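Descriptive structure summary
Here's the letter readout for the chains.
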Amino acid sequence: MTDADFTPATAAEARQLRDRLDAQGKRLVFTNGCFDLLHAGHVRYLAQARALGDALVVALNSDASVRALKGPERPLNNENDRAEVLCALKAVDAVVVFGDERATRLIETIRPHVYAKGGDYTVESLNAQERAALQAAGAEIRILPLVPGRSTTATIQKMHAPAAGRLRLGVLGSGKGTNLQAIFDAVHAGRLDAEVVAVISDQNDSEFLSIARREGAPAHFVDPGDNPKRLGAAAQKEIFEHLERARTDVVVLAGFMRILKEPVISAYAGRIVNVHPSLLPRHKGAHAVQDALDAGDREAGCTVHLVTAEIDAGAILEQGRVPVLPGDTAELLHDRIKAVEHVLLPKVLSEWRQRGLAVR
Ligand code: GRF
């Protein structure tokens, strides 16, 4: 196929499609955007938009209008290529290229039954003219949730970022993954210059792995072996291989309920960090929160520390304290502790180099 082979639809053709559907009592969905570098967020968004009716027309900003909206560096791909890639998606029935900054005139011509827009907008924050055109056309306005962690701008930033500065994290966990989520949130918010390059769990159906998949990070289940408590030798090696393949700088144990041994412990010495729900050296082990309650402690907390072969005993990097309150259950107290973990763990990681900690 050559460049000349692909021709986007015209506004008139899109209107004909709308009228054909209308005559059959069906609905045309319309959305618009730049779709510069297609990612899974776009694909899912467009599938959701298509599901709101019986056909989907995408109005694609022309190269000139993308430049006007996003600056002289954009678009990365020209309008014909962008239209061709979009048209290849199952969810998309036609693509119309438009040159205005807003889609108002196209909406007036096509008169879609449904207008879909990504969740960075609200009905109120839609452009006033576009909104008026939609109201005049009787279109239903639907705001669809954005898919977290995917954006063209973030992808471009990743490509430009100096590779030397960004910490490559391999995160291990077994449970709910709230600390993993806190790491992703800190990265998205620009508080932590890191990339989660491997997420590894001994629990295939854990929320921990679901979070990784939702965030688009490489997620690996490692079969721990037959012993319900131990991590077998094959699993130890497999974890090491995942970390190595991902060129991991720092290994983060975020609720990993098994003991990491060789070869990871030696290969990553000085660059494995754990978060533990007690004020170490008090209450080592797997039941630290309950142990604090049983001991009648007035104060509990969490510790971010380096990991050595001896359990919960490596150098302490940071601690945070919370009160034990009357009527506390282990669950209530643990939630209060976790809220502090979610701040401290990303903070330590963001300061990793300044603190002189090892990387590779
Ligand atoms: C945290 O409390 C952490 O201190 C401990 O395991 C828990 C993990 O919680 N090691 P989550 O899976 O991050 O929600």
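Along each chain, numbering runs from 1 in the same order as the chain's sequence is written. With the structure being a predicted model, the display of local features is reserved for residues of pLDDT at least 70 and the display and counting of side-chain atom pairs for 80 or more, all residues being used for whole-chain, interface and lining totals. Here the side-chain values reflect all heavy atoms present in the structure, with hydrogen atoms and water set aside.

1. Some thoughts on the side chain of histidine 42
Position of histidine 42 relative to the elements: it lies in helix α2 (residues 40-50). Filtering out sequence-adjacent residues up to four positions away, histidine 42 remains in contact with Phe35, Leu37 and Thr152. Here a strand is any run of E in DSSP of at least two residues, a helix any run of H or I of at least four, and the numbering for each starts at the N terminus. Throughout, a residue-residue contact means that at least one pair of heavy atoms, one from each residue, lies within 4.5 Å.

2. Description of the pairing of strand β4 (residues 114-118)
For β4, the tally of buried residues reaches 5 of 5 residues, placing the bulk of the element in the interior. Neither face of β4 is open: one carries Val114, Ala116 and Gly118, the other Tyr115 and Lys117, and all of them are buried. Two elements, strand β1 (residues 28-33) and β4, share 2 bridges in a ladder whose sense is parallel. Across the sheet, residue valine 29 finds its bridge partner in β4, namely valine 114. DSSP-based pairing: two strands are paired if at least 2 bridges between them are found. Examined bridge by bridge, β4 and strand β5 (residues 140-144) share 5 bridges and lie parallel to one another. By the bridge assignment, glycine 118 is partnered in β5 with leucine 144. Type-normalised accessible area, obtained with a 1.4 Å probe on protein chains alone, sets the label of each residue: buried when under 20%, exposed when over 50%, and partly exposed for intermediate values.

3. What to know about helix α8 (residues 178-188)
Buried within α8 we find Asn179, Leu180, Gln181, Ala182, Ile183, Phe184 and Ala186. Packing partners of the buried residues in α8 comprise β6 (167-173), β7 (194-201), α9 (207-215), β9 (250-253), β10 (272-276) and α13 (330-350). Within two residues after α8, glycine 190 carries a phi angle of roughly 80 degrees, on the positive side.

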